[in-house]
Structures are given as C-alpha cells and as structure tokens.
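Spelled out from the first residue to the last, the chains are:
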4 protein chains.
Amino acid sequence: MNEAGDIEREDSLTRVEAFSDGVLAIIITIMVLELKTPIQESLSALWALWPIFIAYVLSYAYVAIYWVNHHRLLGHARVVTSGLLWSNMLLLFTLSLIPFSTAYLGEHHFGREATLLYLVTMIAPALAYILLQSRVAATGAKTVASRRYHKASHRKGLAAAAIYALGIPLTLLSPWLGVACAALVAGFWMLPWSAMDRLFLDRIPPAGS
Amino acid sequence: MNEAGDIEREDSLTRVEAFSDGVLAIIITIMVLELKTPIQESLSALWALWPIFIAYVLSYAYVAIYWVNHHRLLGHARVVTSGLLWSNMLLLFTLSLIPFSTAYLGEHHFGREATLLYLVTMIAPALAYILLQSRVAATGAKTVASRRYHKASHRKGLAAAAIYALGIPLTLLSPWLGVACAALVAGFWMLPWSAMDRLFLDRIPPAGS
Amino acid sequence: MNEAGDIEREDSLTRVEAFSDGVLAIIITIMVLELKTPIQESLSALWALWPIFIAYVLSYAYVAIYWVNHHRLLGHARVVTSGLLWSNMLLLFTLSLIPFSTAYLGEHHFGREATLLYLVTMIAPALAYILLQSRVAATGAKTVASRRYHKASHRKGLAAAAIYALGIPLTLLSPWLGVACAALVAGFWMLPWSAMDRLFLDRIPPAGS
Amino acid sequence: MNEAGDIEREDSLTRVEAFSDGVLAIIITIMVLELKTPIQESLSALWALWPIFIAYVLSYAYVAIYWVNHHRLLGHARVVTSGLLWSNMLLLFTLSLIPFSTAYLGEHHFGREATLLYLVTMIAPALAYILLQSRVAATGAKTVASRRYHKASHRKGLAAAAIYALGIPLTLLSPWLGVACAALVAGFWMLPWSAMDRLFLDRIPPAGS
C-alpha cells in the first residue's frame, strides 16, 4: 500500500471483481422472484405473466451487458484506488435498483410512470459507469490498446446515456418508445467488439500501426 | 485482448466461472424458499408439502448436474470469446427460470400444465448448453482428450434434449411419464464419466492409442 | 483429466470451494429473512421475535461450523473425483433445508414437532459430511498430518451424528433437551482444533514423533 | 497446518474473503427487497417510499464501508487462525442483522424505537470489527506499515463505536440526531485514507522515516 492508501493490483482487484460478481449475480437472480406462480393452473394464467416476463428479459440483458463491460473495464485497472472502489460501489448501488423498477414495469404493464422510472434507473448506472471508467483510466492506461479501449468505451457510455435520456420525452408520447430506447442500447452493446470499434473509434489507428 | 476483442484465458475465464457459480448457487438456493413453513405445527401439515419437496429434489439435482457439466466444459475453453460469454449468459438465463417452473410444479401437484411448463424449462437450458458447447469447441480443442470430450458431451446433450422433447407428448398421456423423462436424464448424467464414455463414445479410440 | 474423468486438483478444487461458499453464504443469509419486521413499532413487538432470533443464532452457528470444517476438509483433497463432487452436492442439499427447519422452529416457539424436524435436518448434513470425508480420504491422504486429520475428524463426525440422534428421544421428553443436544454439538465443534485433537485422537502419536 | 490447527495464509485466506464477500454481497442486495413495488401506479405512491429508500442508502453505504475496511484488514493477516475465523463469523453475523433493522427503520419512518434498534445493530458490528482487528494483529504485523495501519484503524474503530453509542441518548431527544450520528460515521470512513491518517495517526512517523 502506498502513501495514498492505494493497494497494489494483485489479489485486491480479484476481490473487487469477486464482490461485484456476487452483487451482480444476486441482482440478476432476484429479478426472477417477481415471476410469481399463478394460483390457478391454466395456460391463460401463465400467459397473463407476459409483461413481467418481458421486463425480466430486458433487465437480464441489461445487467448481463454491465457484467460483460465491467469485466473488460476492470481488466484495464493498474491499481485499486479509493476512487475506483467507491465509484464501483456507486455503480453497484444504482444497479441494485433495477429489480425494483423491473418489477414495477412488469406489474404495471409498461405504463407511462413505470417506464419513466425504469429509464431513470437505466440512466443512473450509465452515469456511474462513466465515473468508474474515468477512475480506471486515472490509474494509468498501460498500453496503446488500453487508451483505445478507454476512448471507444467512453464514447459508447455517453451514447447510451444520451439514448436513455431521449427515451424520457419519448415515453410521454408513448411508453413503448421509451422501452424501444432501452432495447436499442441493449442491442448495440451486444454487438461484437470489433463492430463496435468501427462505430465508435473510426479515426484512431489500430494498435499495431 | 486481440483485434476481435477476445480476452486471454487467465483470470478472464476464472471470472466467468465465478459469476456462473454465483448465479447457479443462488438459483439452487432460492428454490428452497418455496418450501414455506406451514402455519399449523403438525406432521400432517409437514406431510402436505411432499410435492413441493419432490419438485425441489428433482430441480436441485438438475441444476447440480448443470454445474458439474459446466465446470468440466469451461475447463476446455482456450480463450474467452464474445460468443462464449453470451451463450453462457443465455444458459444462465434459461436456468434462472427453473425456480419458477419448480414452484409451479410443486404447488400444482405435478399437474399436466405444470409438468409441460417444467419440461419446457428443461429443454431450454439443454439447447443453450449445446450452443455453449459449440462456442467452447470453437475456441479450439487443445488435445485429443478435448476432442473426445466435446464429441461425447455433444451426443449426450442431444440425447438429453430428445428425451425432454419426448416427455412433452408423454405428459399428455400422464404427467408422471413426463416427470419420469426428467428423472431419467438426471439419472444418466449422474453416472460416472467413464461409464458415460462407453455409452456415447464407443467408436473413438482412447487418447493414448 | 484422466481416464476415470477425475480432474486435477488446481483450479477445479477452487471452483468446488467457490460454489460451496456461494451456497453456504446464501443459506446463512436467507435465514435472516425470517426475522420479519413487526407491523407495530414497540419494544414488546420486537421482543416477541425472540424464538425466531434464537433459532437464527443456533442455525447460523451450525452453518458457520460446517463452513469452517468444509474449508479444512477440502484442503486435504488430492484430486476432484466424481464421488467428491456428488457427495459435496448432497451435503449442500441437506444444508439447504436448514432455513426451512429453522423458520419452523422459530415460528412454532421450539415446539415438539418443530424440534424433531430441526434435529432431522441436523442429522442429514452430519451423515452427508461423513460420506464426503470418506470421498476426500479416498483421494489419498498425502501426509501423516492428513491421516491424523481424517481420523480425528471422522470420529468427531460420528460423535455429532450420535448426539443429534440421541436428541430425538429426548425431544419427546422435552423439546428443550433436543435443542440442548444441538447446542452441545455446536459448542464442541467451536473449541480450538488442538483441544479437539486431545479429545478425539489421544492414542495416535503426533506427526513429528 | 501447524499443531494449533492454523492454516497457512495462501488459498485459505482467499476462501475466507470469498465467503465474506458472498455474505456481504447478499446482505447488501437483500435490503433492496424491502423496496416493495406500490400497487398503484402513480408518482405519489412512489414518493411514499422515501423513508425506505433513505434507510436503504444509509445501510448500503454502511455495509459498503465494512466491505472496504474488511478487504484492507484481511490483507494484513499473516495466517488464518481459529480466532480470526470465528471473529470473522461473528462480524458477518452482526452485519446480517442490518437488513432487518433497516427495514424496520424505513417502515416506521425513522421513529424513536426503530432508530434505537438501528443504532444497536450498528454498534454490534463495530465491536465485532474491533475484535477481528485484534485477531488479525495477533497473527503478527509483518511490517512497519502494518503496525501503523493497525494503530490508525483501531482508533477509528473505537471512535465509530463511541459515536454510535452517543447516538443512543441523542435518539431519545430526537431520532434524527441518532440518524445523524450514523451518517457522520459513514462520512468520516469514506474520506480518503491519507486524510484519515492525519486525523487518527498524527504522532506516528511515516513508514519510510
């Protein structure tokens, strides 16, 4: 540990990842508890659960995307600083509200207020992630590849936050437009990395050149 | 990280496993929450819980088998690709529906519709697992042993999916035939590995020959 | 992986431990969900929760003891065999029933039937643990210290199971005698290791002699 | 393992951390389950959840602080002793009561009895942490930096416990003074490490001098 209390990377980062994995695994799994078994045994009773199921699928994809990105981002951290620890805690906090807003969205059948709340709980982690990115970048990008990664990833983060923010006025027109914004962001994050690079990083020459 | 965004095996795979372990541990444990304590204190009130208990035992075995297979399968991955990450997420998603269908099966005493839903939630992870297998195999089998493993394991996966699919028409005759199909698959997956090899891999010469 | 499908110790054992840790952490934590907040805000409403609290304390200690023992036991495994994996899964299954019997014990104020059920859910993991011990020992004790460990630990396991079994007829006299048996076992497992050795291993000369 | 049953540091400590991470991740996440979705879809129904939300924020910060401190503390352990294991289990037990007292605090709108209970569940982990610190220090501080860390950290622990204890009589005047005490401790723990050092360790010369 140096004067500023930063801890060398080694097992310290492993433990930050392990804790984050634990929290994300629980968040992703408690959402399924909202799928309450119908008292009646009939296909129509099961069918009536569709809005809760769709909300679960959307939020599962959303949290899974965060896990994949988080996994890549932390691989670029050189040391574990206080700033990194606390912005990671903030990200996990914002993500922990997803099961609540997902349940609300499903139970109220994608109504206007429920969709607005859902978009707010999508913007919050997007902003916390941008903060975490800057804290990871501040630990000192090791290589050209790291610098390229931070640049592309920062732009994607801003684009995602902007689309969610755009979803808010669109929800006032129709909640389905708001849900479409959330699904759009999920869609573009799931594209393979190399396709993303072409979209967000077209002017930076590749690492080897 | 190479151009395609694939991450070297090292701690990356460890973290995929850790996250999967977390999700599987939670799935396996939240199923027990369905065993709600009876309000009355009597042996007959406890006895009335038997269908929920049997459904729990079956699903516990089912998820435990997935954990064991997943554990073996990922040991053969050479790198962590996007395809591997997302097909793993898909597998975990399909498994996360098991607590729901298990609760439904137990509460409706292995009725017809509940058994059908249960078989559907067994087929979904079986298909996702076949996809994950192909993504792991695509990372490049390292050794002859790996190639044999993928071959045997792929055949077993198809056999399991086929037996579940067969369970669906059988459930229309009697739900117990459907449950028997699920139990049959669990049974053959729990056999020791060497016995499985003889069943599914009889024509491929062993690694040393 | 050898012909019999056994996996070398390295990360394989780490993952068995990680999964077991996940399941044990969840078991220990979901028990606290039974402590439901009283609707009224008053000290007497809080006080009425005492049987649920005491049941929680007892079960927490019980699961914590299993974690500590499990942690020590797996340190002696040389390879991860199918037998080890499945007996570990069986142990986790039996432990997963503890939150149910704990809730029942607390809600029915340590009544006769609830105490009997509780003791049964204590005997089941004790037997599964003895099975797991034999599977770990079968992987081949590495050192004299391992052999001594297995011997002492096997005797303790049998003693614990015997005390729980004794608790069953005693519960018919008074449930508190049954609870006392459970507490007694918890007490002797928490003694420091060296004191335990003197109790259970008095005739085997120490490793260095 | 030596005569006293202590286990060498290596993977043993890793597993203690992994288990603690699992328990802390679950504690932090089950608190969010108290945020139950309102039956009505309206902003006023959401707004009525504010006390539960504030209680969640406070407790999230509290558990996150414990995680960060725990993470640093265990980095100074030289071996895993029985004393370390059991005082760690005691700390996790006391922390596991936080979701209960948080729910009570939120549901009863920061009332007097609820605030008292909340402060009690804050003092308990503070005391358990002091015990764990002494057990970690007893494994033998490796370096001058370790000795400085233990000293500063011990003083901070005592200061925190004292402020919580002071909160109890203040709550009798007004519950908000009690909540302020809890928030004050959270605030000073979140300060960067170097600022803390100046506060709690001013007279010990830095490691290099």
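Since we're looking at a predicted model, the values are computed, not measured.

Draft legend 1. Structural detail: the overall build of chain A. When its secondary structure is counted, chain A shows nine helices and zero strands. If you list the helices and strands of chain A from N to C, you get α-α-α-α-α-α-α-α-α. For chain A, buried positions account for 47% of its 209 residues. When contacts within chain A are restricted to residue pairs at least 6 apart in sequence, those whose partners lie at least 24 apart make up 79%.

Draft legend 2. A look at the relation of the copies chain D and chain C. Mapping chain D onto chain C leaves a residual RMSD of 0.0 Å; the transformation is a rotation of 90° accompanied by 0.0 Å of translation along its axis. Expressed as a symmetry operation, the mapping of one chain copy onto the other fits a four-fold axis. No C-alpha of chain D lies nearer the rotation axis than that of Gly 22 of chain D, which sits 4.3 Å from it. Interface overlap between copies: only 10% of the residues of chain D at the interface are likewise at the interface in chain C, consistent with a contact formed by different surfaces.

Draft legend 3. View of the interface of chain A and chain D. On the side of chain D, 28 residues touch chain A, which itself brings 30 residues to the contact. Breaking the side of chain A that touches chain D down by element, the ones donating at least two residues are α1 (10–30), α4 (82–96), α5 (98–107) and α6 (112–138) of chain A. Looking at which element gives the most residues to the side of chain A that touches chain D, the answer is α1 of chain A, with eight residues. Across the side of chain A that touches chain D, the residue classes break down as 20 nonpolar, six polar and four charged.

Draft legend 4. Geometry of the interface of chain D and chain C. Residue-level contacts link 30 residues of chain D with 28 residues of chain C. Mapped onto the side of chain D that touches chain C, the elements with two or more residues apiece are α1 (10–30), α4 (82–96), α5 (98–107) and α6 (112–137) of chain D. Top contributing element to the side of chain D that touches chain C by residue count: α1 of chain D, with eight residues.

Draft legend 5. Representation of the nonpolar core in the model. In this structure, Val 63 of chain A, Val 63 of chain B, Val 63 of chain C together with Val 63 of chain D are the most contacted members of the largest nonpolar core, which totals 249 residues. If we ignore the near neighbours within four places in the chain, the residues touching Val 63 of chain D are Leu 24, Ile 27, Ile 28, Leu 95 and Ile 98 of chain D.

Draft legend 6. Examining the relation of the copies chain A and chain D more closely. Of the two same-sequence chains, chain A is brought onto chain D (RMSD 0.0 Å, axial shift 0.0 Å) by a rotation of 90°. The two copies present different faces, since only 10% of the interface residues in chain A are matched by interface residues at the equivalent positions in chain D.

Draft legend 7. Layout of the packing of helix α3 (residues 50–74) of chain A against α5 of chain A. Residue and element names in this part refer to chain A. Between α3 and α5, whose axes approach to 8 Å, the crossing angle comes to 150°. Relative to α5, the element α3 lies roughly antiparallel. Taken as a pair, α3 and α5 cross one another with a handedness that is right-handed. For the pair α3 and α5, the contacting residues are Pro 51, Ile 52, Ala 55, Tyr 56, Ser 59, Tyr 62 and Val 63 in the first and Ile 98, Thr 102, Leu 105, Gly 106 and Glu 107 in the second. In terms of residue class, the contact of α3 with α5 is built from eight nonpolar, three polar and one charged.

Draft legend 8. Representation of the UniProt feature "transmembrane region" (unreviewed entry) in chain A within the structure. All names here are of chain A. Summarizing the sequence annotation, UniProt attributes the feature "transmembrane region" (unreviewed entry) to residues 12–33, 45–68, 80–104, 116–137 and 158–191 in the numbering used throughout. Secondary structure over residues 12–33 splits into 86% helix and 0% strand, and the C-alpha atoms at its two ends are 33 Å apart. Within the segment residues 80–104, helix and strand shares are 88% and 0% respectively, and the terminal C-alpha atoms sit 36 Å apart.

Draft legend 9. Summary view of the environment of Ala 145 of chain C. Relative to the helices and strands, Ala 145 of chain C resides in helix α7 (residues 144–173). Using a count of 16 C-beta atoms within 10 Å as the deciding quantity, one classes Ala 145 of chain C as partly exposed.

Draft legend 10. A look at unusual backbone geometry. Residues and elements named next belong to chain A. Unusually for a residue other than glycine, His 109 sits at a positive phi of about 50°. Tracing the chain through its elements places His 109 in the loop between α5 and α6. Judged by local crowding, His 109 falls into the partly exposed class, with 14 C-beta atoms found within 10 Å.

Draft legend 11. Local environment of the confidence of the model for chain A. All names here are of chain A. In this model, chain A carries a mean pLDDT of 82, and residues with pLDDT of at least 70 account for 85%. Confidence, read as mean pLDDT per element, is least for helix α9 (residues 193–200) in chain A (57) and greatest for α4 (93). For the stretch residues 1–9, pLDDT sits under 50, and the model shows 22 contacts to residues farther than four places along the chain or on other chains. Per-residue pLDDT stays below 50 along residues 202–209; that stretch engages in five contacts with residues further than four places along the chain or on separate chains. Across the whole predicted complex the pTM is 0.87, and at the interface the ipTM reaches 0.84.

Draft legend 12. Layout of the packing of α3 of chain A against helix α8 (residues 175–190) of chain A. Residue and element names in this part refer to chain A. Between α3 and α8, whose axes approach to 10 Å, the crossing angle comes to 40°. Here α3 is positioned oblique relative to α8, judged by the angle of their axes. Read as a crossing pair, α3 and α8 show a hand that is left-handed. Along its contact with α3, which presents Leu 58, Ala 61, Tyr 62 and Ile 65, the element α8 presents Ala 182, Ala 183, Ala 186, Trp 189 and Met 190. Broken down by class, the residue content of the contact of α3 with α8 amounts to nine nonpolar, no polar and no charged.

Draft legend 13. Fine view of helix α6 (residues 112–138) of chain B. Here α6 of chain B is 27 residues long and its end C-alpha atoms lie 40 Å apart, about the 39 Å a rise of 1.5 Å per residue gives. Immediately beyond the C-terminal end of α6 of chain B, within one or two residues, lies Gly 140 of chain B, with a positive phi of roughly 100°.

Draft legend 14. Local environment of helix α4 (residues 82–96) of chain B. Helix length check: α4 of chain B (15 residues) gives 21 Å between terminal C-alpha atoms against 21 Å at 1.5 Å per residue, within 8%. Among the residues making up α4 of chain B, those that are buried are Leu 84, Leu 85, Ser 87, Asn 88, Met 89, Leu 91, Leu 92, Phe 93, Leu 95 and Ser 96 of chain B.

Draft legend 15. Broad picture of the environment of Ala 126 of chain A. Residue and element names in this part refer to chain A. Tracing the chain through its elements places Ala 126 in helix α6. Linking Ala 126 and Leu 24, residues 102 residues apart in sequence, is a C-alpha distance of 15 Å. Setting aside residues up to four positions removed in sequence, Ala 126 forms contacts with Gly 157, Ala 160, Ala 161 and Tyr 164.

Draft legend 16. The environment of His 70 of chain B, seen in detail. The residue His 70 of chain B is located in helix α3 (residues 50–74) in this model. Taking the C-alpha atoms as reference points, His 70 of chain B and Val 120 of chain B, separated by 50 residues in sequence, lie 20 Å from one another.

Conventions and cut-offs
- Residues numbered from 1 in each chain as written.
- Chains lettered and ligands numbered in written order.
- Predicted model: local features only at pLDDT ≥ 70, side-chain atom pairs only at ≥ 80, totals over all residues.
- Helix = DSSP H or I, 4+ residues; strand = E, 2+ residues; numbered from the N terminus.
- Buried ≥ 20, exposed ≤ 12 C-beta atoms within 10 Å, placed from the backbone.
- Contact = placed C-beta atoms within 7 Å.
- Least-squares fit on C-alpha atoms with pLDDT ≥ 70 in both.
- Nonpolar A, V, L, I, M, F, W, Y, C, P; charged D, E, K, R; others polar.
- Core = buried A, V, L, I, M, F, W, Y, C linked by C-beta atoms within 7 Å.
- Axes fitted to C-alpha atoms, helices over the stretch in contact; angles between N-to-C directions.
- Parallel < 35°, antiparallel > 145°, perpendicular 65-115°, else oblique.
- Left-handed = near helix turned anticlockwise from the far one by under 90°.
- UniProt positions renumbered as here; feature names shortened; annotations may be inferred.
- pLDDT = per-residue confidence, 0-100.
- Expected span 1.5 Å × (residues − 1).

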